[in-house]
Amino acid sequence: MSYHLQVALGSLGRLLHNPWATGMTVAVIAIAIALPASLYALTRNLNLLSESWGQTTAISLFLTPDTDIEQARALAVELRAHRNLDQVTLISPDQALSELGGYDGFSEAVTQLEENPLPVVLALQPTPEVRIPEALERLAKEVEALPQADFARLDTRWVRRFQAILNVTQRGVVLLGGALALAVLLVVGNTIRLEIENRRNEIEIMELVGATPAFIRRPFLYTGGWYGLFGGIGAWLLVTLALALIQGPVSRLAALYHTQFPLAGLEATASLTILGGSLGLGLLGSWVSVGRHLSAAQPH
């Protein structure tokens, strides 16, 4: 164990002795890993955003014009006992007209109205079990069949489209991650190959004095591991910094819609996956390169 630690520290010292070359290689690895990690963080935040949208009112039930406010309140009480509804909010015509007048471009039009043409509306908040588009459509048809109902407004088309975009993005993250993982393997492998060529004389001397193949390979394997680990740390820092930089514009955009949306960073599982995966790629890339090129560097 102490020998492995000595070799690992020796490989680290050799890398730190050439900070410019080491930094360039680590930067390339970090950027390659940060690209799919950034897309993952983006899709995760979009999923969280879609979940927050799902917690808003999903169905607007417009009542018939002859339904007065007392009848609407009685219907609201009845619907609150529905097993598929979490919350029922009554929006009176005066309240709806006041909210409409608060939007840009509608205030002058509202003041020109001689009477309020808006009906009573019930804002229905479904339970989490029925927040998928198919279940929402069934629930909308059910409440629309009520005698006091005029029509129910439910727009699930945009939900389907948004979910389809997320699915495509998630598949793209997997494909891009696979392609860039191969790029990391090539970068580490080529770097180790150059290291083997630069130390050809040292390898020949070690072989002549009786060093075993495992003894000769070990420093190169640790070197690849260090490259991968540092690249993973760099990728994690890049993604975290990017999220911190765009949090301000995102907060200002959310404020325009009278809401808040703090960006979610990389959770512990994703962080460990980045670090462990990059370390594994570094070790694998160095192992492949050592297997292919070290024997050619040894004397016969």
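As shown above, the structure is provided for reference.
Please read all numbers here as calculations on a predicted model, not as lab measurements.

1. Here's the deal with helix H9 (residues 213-256)
- In a regular helix each residue adds 1.5 Å, so 44 residues correspond to 64 Å; H9 covers 65 Å between its end C-alpha atoms and thus fits that length.
- The largest bend in H9 amounts to roughly 35° and is located at Gln-247, with the proline Pro-249 lying one to four residues further along.
- His-258 sits one or two positions beyond H9 and adopts a positive phi of about 60°.

2. Regarding the pairing of strand E1 (residues 59-63)
- Along E1, 4 of the 5 residues are buried, which leaves the element largely enclosed by surrounding structure.
- Where E1 and strand E3 (residues 121-126) come together, 4 bridges link them in antiparallel fashion. Counterpart to Ile-59 in the pairing with E3 is Leu-124.
- The sheet contact formed by E1 and strand E4 (residues 149-153) spans 4 bridges and is antiparallel. By the bridge assignment for E4, Leu-61 is matched with Ala-152.

3. Quick word on the packing of aromatic side chains
- One pass over the full model with this rule turns up 2 aromatic pairs.
- Taking 4.6 Å as the distance between ring centres and 15° as the angle between the ring planes, the aromatic pair formed by Phe-62 and Phe-151 counts as stacked. In this pair, Phe-62 sits in strand E1 while Phe-151 sits in strand E4, placing the two residues 89 residues apart along the sequence.
- Classification of Phe-151 by relative accessible area gives partly exposed; the value is 37%.
- Ring geometry for Trp-226 and Phe-230: centres 5.6 Å apart, planes at 25°, overall stacked. Here the residue Trp-226 and the residue Phe-230 both occupy positions in helix H9, the gap between them amounting to 4 residues, near one helical turn.

Conventions used here
- Numbers given to residues run from 1 along each chain, matching the order in which its sequence is written.
- This being a predicted model, a pLDDT of at least 70 is required before a residue's local features are given, and a value of 80 or more before pairs of side-chain atoms are given or counted; all residues contribute to the totals for chains, interfaces and linings.
- Side-chain metrics in this entry use all non-hydrogen atoms of the structure; hydrogen atoms and water are not considered.
- Comment: elements are numbered from the N terminus, with helices defined as DSSP H or I runs of at least four residues and strands as E runs of at least two.
- Take the number of residues in a helix, subtract one, and multiply by 1.5 Å to get its expected span.
- Each residue is assigned a bend, namely the angle between axes fitted to the seven residues that terminate at it and the seven residues that start at it.
- A 1.4 Å probe rolled over the protein chains alone gives each residue an accessible area, and that area as a share of the maximum for its type sets the label: buried under 20%, exposed over 50%, partly exposed in between.
- In this scheme, strands are said to pair when DSSP sees at least two bridges between them.
- Side-chain rings of Phe, Tyr and Trp (the six-membered ring for Trp) are treated as a pair once their centres are within 6.5 Å; stacked means planes under 30 degrees apart, edge-to-face means over 60, and tilted covers the remaining angles.

Geometric descriptors of this kind do not, in isolation, establish any biological role.
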